[in-house]
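Now for the letters of each chain:
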Amino acid sequence: MTPREQAFAEARAVLDRARVRIAQDRAAGRLSPAHELICRRLERQQRTATPVHRAAA
């Protein structure tokens, strides 16, 4: 992989781990009400967002 592709892959891996950790905390009820509200707002935005299409490599 080129350094750019590797950097993107590593960033995606970090983001994926963070999402899993947030989901686990949320399922266990460990998020504050403010953070729960942020999660709900982001989920609502994602449902209404237009998908981004990437060019084929």
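Residues numbered from 1 in each chain as written. Predicted model: local features only at pLDDT ≥ 70, side-chain atom pairs only at ≥ 80, totals over all residues. Heavy atoms only, no water.

(A) How the structure looks around the overall build of the protein. Scanning the protein from terminus to terminus reveals two helices and zero strands. Taking 57 residues into account, the globule formula puts the C-alpha radius of gyration at 10 Å, and the protein, at 15 Å, lies well above it. Burial status across the protein gives 5% buried among its 57 residues. Accessible area for the protein stands at about 5,400 Å²; split by element, carbon and sulfur atoms hold 58% of it. Taking the average location of the 12 positive side-chain charges in the protein and that of its 6 negative ones, the two points are 5 Å from each other. (Helix = DSSP H or I, 4+ residues; strand = E, 2+ residues; numbered from the N terminus. Rg over C-alpha atoms; globule rule 2.2 N^0.38 Å. Buried < 20%, exposed > 50% of the residue type's maximum accessible area, 1.4 Å probe, protein only. Areas by Shrake-Rupley, 256 points an atom, 1.4 Å probe, with all protein chains shown as cover. Lys, Arg positive; Asp, Glu negative; His and termini not counted. Charge placed at Lys NZ, Arg CZ, Asp CG, Glu CD.)

(B) Geometry of the environment of D16. Along the chain, D16 turns up in helix α1 (residues 3-27). Residue D16 is classed as partly exposed on the basis of its relative accessible area, which comes to 43%.

(C) Broad picture of the side chain of E36. By the element assignment, E36 lies in helix α2 (residues 33-48). Excluding anything up to four places from it in sequence, E36 contacts R26 and L31. (Contact = heavy atoms within 4.5 Å.)

(D) Main features of the pattern of salt bridges. Enumeration according to the criterion identifies four salt bridges in this entry. We note a salt bridge from R30 to D25, for which the minimum N-O separation is 2.8 Å. Taking the relative accessible area as the measure of exposure, R30 reaches 57% and is therefore exposed. We classify D25 as partly exposed; its relative accessible area is 23%. Here R26 and E43 are joined by a salt bridge, their closest N and O atoms 2.4 Å apart. Taken together, the residues R26 in helix α1 and E43 in helix α2 connect sequence positions 17 residues apart. Given the relative accessible area of 31%, E43 is considered partly exposed. Here the salt bridges do not stand alone but share partners, grouping R26, E36, R40 and E43 into one network. (Salt bridge = Lys/Arg side-chain N within 4 Å of Asp/Glu carboxyl O.)

(E) Broad picture of α1. Along its 25 residues, α1 runs 36 Å from first to last C-alpha, staying within 8% of the 36 Å computed at 1.5 Å per residue. Two residues or fewer past α1, G29 is found with a positive phi of approximately 75°. (Expected span 1.5 Å × (residues − 1).)

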